[in-house]
Amino acid sequence: MSEPLIYELGGPGHQGAELPPLDVPDAEEAAGGELPGLPEGLLRKSPPLLPEVTEPEVVRHYTRLSEMNYAIDNGFYPLGSCTMKYNPKRNDAMAALPGFRDLHPLTPEAGAQGALELMARLEAALAEITGMARFSLQPVAGAQGEFTGLSIVRAYHESRGEERTRVIVPDSAHGTNPASAAMAGYQVVEVRSDARGGIDVEDLDRVLGPDVAALMLTNPNTLGLFDERTLEIARRVHEAGALLYYDGANLNAILGLARPGDMGFDIVHLNLHKTFSGPHGGGGPGSGPVGVAAGLERFLPRPLVVKEGDRYRLEWGDPDGLDRPAPESVGKVQAFWGNFAVAVRAYAYVLTLGAEGLRRVAETSVLNANYLMRRLARTFELPYDRPCMHEFVLSGERLKKETGVRVLDVAKRLLDYGLHPGSVYFPLIVEEALMIEPTETESLATLDAYAEALEAIAREAREEPQKLREAPFTTPVRRLDEVAAARRPVLRWSPAGERRA
Ligand SMILES: *Cc1c(COP(=O)(O)O)cnc(C)c1O
């Protein structure tokens, strides 16, 4: 029989109280005194050294850690190109329904009809929203959607017996675009932005040619601007025999108002964890469905969900009837069904808002961004002075020239005000860039408070520039040595490391 279990009932120093032994079968005893197959040398000689802590200590430890974290649930989080909108709690409740939550990924189709139906319905909604013919829900990140989309580009050109080696990416693009193109085996060519923040069409003509496989476009782009010459760009790309790829990670500005399919795009990825309100940024896993225009469906990852009569099943498309991807499909890009729980949240979001509600998301996110942009344009420069979409980019160049305070210092100081900064130094084509995306879920009072904080910091920059260079003062950790963190990352926990932090 094992030793009776001792429970510590109080904080440190409290006398442990003895409880009656629990009737837990001893593994060794159950195995007749010997654990079969385990070499003697590997067996423990002494019990493991588990931390001796009480329940209140554990609860306080984790509550304290959670309070150190900044999340959309405890404050405004206007991180540009990231859509940190509020994540409605009802979506979590839907994803936690036992029929969805407890479903084993290998459940046969007959036992997973509800889940398959949800996937089919979400796919149809995404196709309607974007103007695409079909979607695969497999990719579990925007970047994986991009890689999948570029694999489809390759499969398309190969099916026509063409070898194309280059992918064009604008100089304002999100970093994942060139990275995905390179991973898919393409040479990345940059195209310049013009003075209005759109693609420089003359520069596009310079780089377009018979070896170009695709142009990857974000629209509205990462300057928060809608490309005024989209249709013209689409025509030129198609005339060159290339495909047009739409980075739809942030669809907030055009939901229910405009569709990439109608703009001439052939392939789209979406970020359900941004536009469709999935928690992310340390708060949850992603989902980056990829959609294609009519004519490209056969290249999509398999299986796809299809409806036959009133039943749903997984369609592999293999002519031999085996559970293998169809010969022209790019294959399977993710285990099982992708991040199904994120799909449930996105579908709950679409159903909750409906077509009208989704359009109001777009209108409100654009209104909020323009309001904040106009107000902050009194304090910072506006490098592209025209109405923005769901986000906008300011520059702190003048502040830096006049006070030596960089936009990095401004961002760090915002933390002392209890506010999350926007994205800084992105996009790369704007000096001292500060990129802000307020989203539609914030009130006028929140936007005003944020503007007031930034205005106060700009005043501080003139009065006490040194203080700003040392900020933040109130956070659990202050300025990190980012170079050391990248070059010499500490990847293991150690008590010494814990004390250092
Ligand atoms: C976030 C984002 C991505 C990448 O999405 P991940 O899910 O982080 O891989 C790609 N493009 C744009 C414009 C984005 O904002």
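Model, not experiment: these values are computed from the prediction. (Residues numbered from 1 in each chain as written. Predicted model: local features only at pLDDT ≥ 70, side-chain atom pairs only at ≥ 80, totals over all residues. Heavy atoms only, no water.)

1. Description of the packing of aromatic side chains
Phase 1: Going through the model one piece at a time under the given rule, you end up with seven aromatic pairs.
Phase 2: Between the aromatic rings of Y70 and Y77, the centroid separation amounts to 5.6 Å while the plane-to-plane angle is 75°, which identifies the pairing as edge-to-face.
Phase 3: Note on Y77: relative accessible area 10%, which makes it buried.
Phase 4: With centroids separated by 6.0 Å and ring planes inclined at 90°, the aromatic side chains of W337 and F340 adopt a geometry described as edge-to-face.
Phase 5: Here F340 falls in the buried class, since its relative accessible area comes to 14%.
Phase 6: The rings of F100, W337 and F340 are connected pair by pair, giving a single aromatic cluster. (Phe/Tyr/Trp six-rings, centres within 6.5 Å; stacked < 30°, edge-to-face > 60°. Buried < 20%, exposed > 50% of the residue type's maximum accessible area, 1.4 Å probe, protein only.)

2. So, empty space enclosed by the protein
Phase 1: Using the criterion set out here, one finds four cavities of 30 Å³ or more in the structure.
Phase 2: Considering only enclosed or pocket space, the largest cavity measures out at about 130 Å³ in volume.
Phase 3: Along its surface, the largest cavity is lined by 13 residues, and M119, L137, Q138, P303 and V305 are the ones closest to its centre.
Phase 4: In terms of residue count, the dominant contributor to the lining of the largest cavity is helix α5 (residues 113-130) (three residues).
Phase 5: Tallied by class, the residues present in the lining of the largest cavity amount to 10 nonpolar, two polar and one charged.
Phase 6: Lining the second largest cavity are P170, S172, A173, S193, G197, G198, I199, L217, T218, N221, T222 and D227.
Phase 7: For the lining of the second largest cavity, the residue count by class is four nonpolar, seven polar and one charged. (1 Å grid on protein atoms, 1.4 Å probe; cavity = no way out; pocket = protein on both sides within 12 Å on 5 of 7 lines; lining within 4 Å. Points joined across faces, edges and corners; volume = space filled by probe spheres on them. Helix = DSSP H or I, 4+ residues; strand = E, 2+ residues; numbered from the N terminus. Nonpolar A, V, L, I, M, F, W, Y, C, P; charged D, E, K, R; others polar.)

3. Points about the pattern of salt bridges
If the charged atoms of two oppositely charged side chains come close together, the side chains can form a pair.
Phase 1: The final tally for this structure, using the stated rule, is 40 salt bridges.
Phase 2: For D203, the salt bridge is made with R206, and the minimal N-O distance between the two is 2.6 Å. Within this pair, D203 and its partner R206 are both found in helix α8 (residues 201-207), separated by three residues, close to a single helical turn.
Phase 3: Ionic pairing is found between E356 and R359, a salt bridge with its closest N-O pair at 3.8 Å. Here E356 and its partner R359 are both found in helix α11 (residues 340-376), three residues apart, which amounts to about one turn of the helix.
Phase 4: Taken together, the shared-partner salt bridges in this structure form one network comprising R413, D416, E460, E464 and K467. (Salt bridge = Lys/Arg side-chain N within 4 Å of Asp/Glu carboxyl O.)

4. Examining the sheet that holds strand β8 (residues 267-270)
Phase 1: If you trace the seven strands from one edge of the open sheet to the other, you get β3-β9-β8-β7-β6-β4-β5, paired in mixed fashion. Of all the strands in the sheet, just β3 (134-136) and β5 (187-191) have a single pairing partner and so form its edges. Pairs of neighbouring strands in the sheet enclose a mean axial angle of 25°, with direction left out of account.
Phase 2: In this sheet, β8 lies alongside strand β7 (residues 243-248) in parallel orientation, the contact comprising four bridges. Directly across from Y245, in β8, lies its bridge partner I267.
Phase 3: Packed onto the sheet, helix α6 (residues 142-159) meets β4 (166-170), β6 (212-217), β7, β8 and β9 (290-292) and runs at close to 170° relative to β7. (Pairing = 2+ DSSP bridges. Axes fitted to C-alpha atoms, helices over the stretch in contact; angles between N-to-C directions. Contact = heavy atoms within 4.5 Å.)

5. Overview of the site of the ligand
Phase 1: Taken together, 13 residues form the shell around the ligand, and within it S81, G142, D247, H273 and K274 come nearest.
Phase 2: Between the ligand and the protein, one listed contact pairs an oxygen atom with a side-chain N or O atom of N271 at 3.0 Å.
Phase 3: A distance of 2.8 Å separates an oxygen atom of the ligand from a polar side-chain atom of H273.
Phase 4: In isolation the ligand offers 380 Å² of accessible surface; the protein chains occlude 86% of this area.
Phase 5: Element by element, the count of residues in the shell around the ligand is highest for α6, at three residues.
Phase 6: Of the residues in the shell around the ligand, the class split is three nonpolar, seven polar and three charged. (Near = heavy atom within 4 Å. Polar contact = N/O pair within 3.5 Å; in protein donor to acceptor, adjacent residues only side chain to side chain. Areas by Shrake-Rupley, 256 points an atom, 1.4 Å probe, with all protein chains shown as cover.)

6. Considering the confidence of the model for the protein
Phase 1: Scored by pLDDT, the protein comes out at a mean of 91, with 91% of its residues at no less than 70.
Phase 2: Taken as a whole, residues 1-17 scores under 50 in pLDDT and shows 20 contacts with residues more than four places along the chain or in a different chain. (pLDDT = per-residue confidence, 0-100.)

7. Regarding the sheet that holds strand β14 (residues 433-436)
Phase 1: Taken together, three strands build an open sheet; the order of strands is β12-β14-β13 and the sheet is antiparallel. Taken across any chain shown, the strands that pair with only one partner, and hence form the sheet edges, are β12 (392-395) and β13 (423-424).
Phase 2: Against the sheet, α11 contacts β12 and β14, and its axis sits at roughly 10° relative to β12.

8. Re the packing of α6 against helix α7 (residues 176-183)
Axis angle and axis distance: for two packed helices, these are the angle between their axes and the distance between the axes, and together they describe the pair.
Phase 1: Across the interface, α6 lies against α7 with an axial gap of 9 Å and an inter-helix angle of 45°. As judged from the angle between their axes, α6 and α7 are oblique. Remark: the crossing between α6 and α7 carries right-handed chirality. Along its contact with α6, which presents A143, E146, F147 and L150, the element α7 presents T176, N177, S180, A181 and M183. (Parallel < 35°, antiparallel > 145°, perpendicular 65-115°, else oblique. Left-handed = near helix turned anticlockwise from the far one by under 90°.)

9. Describing the nonpolar core
Phase 1: Counting residues in each nonpolar core, the largest one holds 62 residues, and the members touching the most others are L204, L215 and F276.
Phase 2: Per-element accounting of this core gives the leading share, 12 residues, to α11.
Phase 3: The next biggest cluster of nonpolar side chains, apart from the first, holds 26 residues, and it includes C388, F392, L399 and A451. (Core = buried A, V, L, I, M, F, W, Y, C linked by side-chain atoms within 4.5 Å.)

10. Focus on the side chain of T148
Phase 1: Secondary-structure assignment places T148 in helix α6.
Phase 2: Each residue touching T148, except ones within four places of it in the same chain, is listed here: P139, V290, P301, V330 and V333.

11. Some thoughts on a nonpolar patch on the surface
Phase 1: Together, V53, V58, Y62, L65 and M68 line one region of the surface with nonpolar side chains, adding up to about 470 Å² of accessible area.
Phase 2: Mapped onto the elements, L65 comes out in helix α2 (residues 55-68). (Patch = residues over 30% accessible without salt bridge, like charges linked within 9 Å, V, L, I, M, F, W, Y side chains within 5 Å.)

12. A closer look at the layout of surface pockets
Over the atoms, a rolling probe the size of a water molecule traces out where space has been left empty.
Phase 1: Put simply, the largest pocket is a space of about 1,200 Å³.
Phase 2: Lining the largest pocket are 35 residues, and of these K412, T475, V477, R478 and L480 lie nearest its centre.
Phase 3: Elements with a minimum of two residues in the lining of the largest pocket: α2, α13 (407-416), β13, α16 (482-487) and α17 (495-500).
Phase 4: Sorting elements by how many residues they give to the lining of the largest pocket places α13 first, with four residues.
Phase 5: Across the lining of the largest pocket, the residue classes tally to 19 nonpolar, nine polar and seven charged.

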